[in-house]
Each structure stands twice: as C-alpha cells, then as structure tokens.
Amino acid sequence: VQLQASGGGLVQAGGSLRLSCAASGRRFSTYDMGWFRQAPGKERDFVAAISWSGGRTSYADSVKGRFTISRDNSKNTGYLQMNSLKPEDTAVYYCAAEAPRTYFSTNPNEYSYWGQGTLVTVSS
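Computed from a predicted model, the values in this text were never measured in an experiment. (Residues numbered from 1 in each chain as written. Predicted model: local features only at pLDDT ≥ 70, side-chain atom pairs only at ≥ 80, totals over all residues. Heavy atoms only, no water.)

Asks: I tried to follow the overall build of the protein on my own but got confused; where do I start?
Replies: Counting its secondary structure elements, the protein contains zero helices and 11 strands. Going from N to C terminus, the protein has its helices and strands arranged as β-β-β-β-β-β-β-β-β-β-β. Relative to its length of 124 residues, the protein is compact, with a C-alpha radius of gyration of 13 Å against a globular reference of 14 Å. The dimensions of the protein, computed from C-alpha atoms along their principal axes, are 40 × 25 × 25 Å. When the 124 residues of the protein are sorted by exposure, 44% land in the buried category. Relative to all contacts within the protein whose residues are 6 or more apart in sequence, the contacts with residues 24 or more apart total 58%. About 6,200 Å² of surface is accessible on the protein, with carbon and sulfur atoms providing 45% of the total. (Helix = DSSP H or I, 4+ residues; strand = E, 2+ residues; numbered from the N terminus. Rg over C-alpha atoms; globule rule 2.2 N^0.38 Å. Buried < 20%, exposed > 50% of the residue type's maximum accessible area, 1.4 Å probe, protein only. Contact = heavy atoms within 4.5 Å. Areas by Shrake-Rupley, 256 points an atom, 1.4 Å probe, with all protein chains shown as cover.)

And the structure:
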C-alpha cells in the first residue's frame, strides 16, 4: 500500500490542523494505521493508531484529549485531527500502515508502509 500524508502547515499555539493520509494500492481497509512524528534531532515517536475497522484507537499520553485519529475506508483515507496545538507538537508527521495485530505497536520499526511526511509548525 502506498501512503501520502498531507495537511501540515504553520499554525499558532491553540490552533487546529487536520492531517490526511491517502492510500492507494492494496486494500487500505485491511491495514491498521498509525501516525508518528519526528522533531529535528529527535527520534520518530508514536502519536496515535487506529485498527483496520476503526473500532480501536490508541494515543500517546502527550496528545490524549487533543488529537483524534479516524479513517474513512470508503475513501481510502486516514485522518489526524489536532486541536489545542502546542509548540512542542512541531514536527514532521508521518502516517504508516501495518497488517492488523492484537495490539498497537508504538515502535516505528514494526510498521511496513510509510507516507512521505508533512511538516507541522506550531508558533508560540
């Protein structure tokens, strides 16, 4: 499956953005999907994940209550709604996909498919 992330940009602290992850190729609806982010000089960190059906989700503690992951399998697209953004949310955001598991991995090495990343910059 090929993934393409979009929707990043510059936003003031407290603002909102919605990232999209458009999928093509193999059936997107059969993959779990995750979002990760990588700030300059730092490792790629888990943000959120959603099961293939959308029935299960998981979030990093740092974004709980502010970010919402969702997907529309009819459109082969996943989303990350980001509200109450903080300067520390500044990073390149990547979407990823993996065959379904009984758990959501927070390890980026356990995801096989990746989008190219979209930059989110939150100004103070």
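Asks: Just to check I follow, could you spell out the state of the cysteines for this structure?
Replies: Note on terminology: a disulfide is the covalent bond linking the sulfur atoms of two cysteines. Summed over all chains, the structure comprises one disulfide. The partner cysteine of C21 in its disulfide is C95, sulfur to sulfur 2.2 Å. Its S-S torsion of about 70° marks the bond between C21 and C95 as right-handed, since a negative value means left-handed. Here the residue C21 occupies a position in strand β3 (residues 17-24), and C95 occupies one in strand β9 (residues 91-98), the gap between them amounting to 74 residues. Each member of the pair C21 and C95 is classed as buried. (Disulfide = S-S within 2.5 Å.)

Asks: What exactly am I supposed to notice about empty space enclosed by the protein here?
Replies: If you roll a probe as big as a water molecule over the atoms, it shows you where there is empty space left. On inspection of all chains with the given rule, the structure shows one cavity of 30 Å³ or more. Counted as a void, the largest cavity has a volume near 30 Å³. Taken together, D32, E98, R101, Y103, F104, S105 and Y111 make up the lining of the largest cavity. Among the residues forming the lining of the largest cavity, the class breakdown is three nonpolar, one polar and three charged. (1 Å grid on protein atoms, 1.4 Å probe; cavity = no way out; pocket = protein on both sides within 12 Å on 5 of 7 lines; lining within 4 Å. Points joined across faces, edges and corners; volume = space filled by probe spheres on them. Nonpolar A, V, L, I, M, F, W, Y, C, P; charged D, E, K, R; others polar.)

Asks: Would you mind going over the pairing of strand β1 (residues 2-6) with me for this structure?
Replies: For a regular strand, the rule is simple: side chains alternate between the two faces of the sheet. Of the two faces of β1, only the one carrying L3 and A5 is buried; Q2, Q4 and S6 on the other face are not. Pairing of β1 with β3 involves five bridges; the strand directions are antiparallel. Its bridge partner lying in β3, A5 is registered against C21. (Pairing = 2+ DSSP bridges.)

Asks: Sorry if this is basic, but what is going on with the pairing of β3 here?
Replies: One ladder, built from six bridges, connects β3 with strand β8 (residues 77-82); its direction is antiparallel. Looking across to β8, one finds that S20 is bridged to Y79.

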